[in-house]
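# Architecture and fold: a report
Now for the letters of each chain:
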Amino acid sequence: NAGVMQNPRHLVRRRGQEARLRCSPMKGHSHVYWYRQLPEEGLKFMVYLQKENIIDESGMPKERFSAEFPKEGPSILRIQQVVRGDSAAYFCASSPQGDSNQPQHFGDGTRLSIL
Amino acid sequence: AQSVTQLGSHVSVSEGALVLLRCNYSSSVPPYLFWYVQYPNQGLQLLLKYTSAATLVKGINGFEAEFKKSETSFHLTKPSAHMSDAAEYFCAVSALEGGGNKLTFGTGTQLKVEL
């Protein structure tokens, strides 16, 4: 089953450490999206990437957060110097094309906990 | 800009009863609309989508939704609830504003099914 794969499923970090979240899109999908879900809230868009390009990062915090989708390998969401407020579930989704009518397929998420 | 409002953060129905989950959207361009379901500790699974074809859309697990432009609504229904339907449901809108395919989600409705 070549669904969207995210790892790790759970990640615990202490304040000030770095968190790296990985996402492998579905086979044949070259468009990746990252969303953040805070407790009791819906998902909020963070960033949209194609291979080697950031297309839309309008939902990314200006500092400490970065994302990449290299030519080879998974997409990475990186959070530097984590703070308590970064605790959330981070979901990756992929689609075969970037059209607005294309449904996105989601992974099971990475639950980040900051001590 | 686009937005989604889901009325009722918690809905409780009896097994076998009608399920109605409300979603209203706001979009300055014709929208594409989606319903997703999220089970605990999992990612989002697509239930159905509206992409400007038929206004009554049938999805998986017996769910359907009707797009009503005059009411800017896309309510989700199921004639007879089953215990396995207990989950959180998210309505989302996508529109080609500023390019890209980012989804804007509602805050979700937690569906509880009682015996």
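Each remark here, short or long, concerns the structure printed above.
Quick summary incoming for the structure in this document. (Residues numbered from 1 in each chain as written. Chains lettered and ligands numbered in written order. Predicted model: local features only at pLDDT ≥ 70, side-chain atom pairs only at ≥ 80, totals over all residues. Heavy atoms only, no water.)

## Brief notes about the overall build of chain A
Each helix and strand in chain A was counted, giving 0 helices and 11 strands. Listed N to C, the secondary structure of chain A is β-β-β-β-β-β-β-β-β-β-β in terms of helices and strands. Taken over the C-alpha atoms alone, chain A extends approximately 35 × 25 × 25 Å along its principal axes. Out of the 115 residues in chain A, the part that is buried amounts to 46%. Sequence separation of at least 24 residues holds for 53% of the intrachain contacts in chain A that already meet a minimum separation of 6. If you average the places of the 16 positive and of the 12 negative side-chain charges in chain A, the two averages end up 7 Å apart. (Helix = DSSP H or I, 4+ residues; strand = E, 2+ residues; numbered from the N terminus. Buried < 20%, exposed > 50% of the residue type's maximum accessible area, 1.4 Å probe, protein only. Contact = heavy atoms within 4.5 Å. Lys, Arg positive; Asp, Glu negative; His and termini not counted. Charge placed at Lys NZ, Arg CZ, Asp CG, Glu CD.)

## Remarks on the sheet that holds strand E1 (residues 5-7) of chain A
Sheet strands line up and pair through hydrogen bonds in the backbone, either parallel or antiparallel. Residues and elements named next belong to chain A. One open sheet holds the 4 strands; their spatial order is E1-E3-E8-E7, and the pairing between them is antiparallel. Whereas interior strands pair on both sides, the edge strands pair on one side only; in this sheet they are E1 and strand E7 (65-68). In this sheet, neighbouring strand axes are inclined to one another by 15° on average, regardless of whether the strands run parallel or antiparallel. Relative to strand E8 (residues 75-79), E7 is paired through 4 bridges, and the arrangement is antiparallel. From the neighbouring strand, phenylalanine 65 faces E8, where its bridge partner is isoleucine 79. (Pairing = 2+ DSSP bridges. Axes fitted to C-alpha atoms, helices over the stretch in contact; angles between N-to-C directions.)

## What about the packing of aromatic side chains?
By the definition in use, this model includes 13 aromatic pairs over all chains. Ring geometry for Tyr35(A) against Phe105(B): centres 5.6 Å apart, planes inclined by 90°, an arrangement best described as edge-to-face. Of this pair, Tyr35(A) sits in strand E4 (residues 31-37) while Phe105(B) is found in strand E11 (residues 104-105), placing the two residues in two different chains. When the centroid spacing of 6.3 Å and the interplanar angle of 90° are considered together, the rings of Phe90(B) and Phe105(B) count as edge-to-face. Of this pair, Phe90(B) sits in strand E10 (residues 87-94) while Phe105(B) sits in strand E11, placing them 15 residues apart in sequence. According to the relative accessible area criterion, Phe90(B) is buried, its value standing at 0%. Classification of Phe105(B) as buried rests on a relative accessible area of 6%. (Phe/Tyr/Trp six-rings, centres within 6.5 Å; stacked < 30°, edge-to-face > 60°.)

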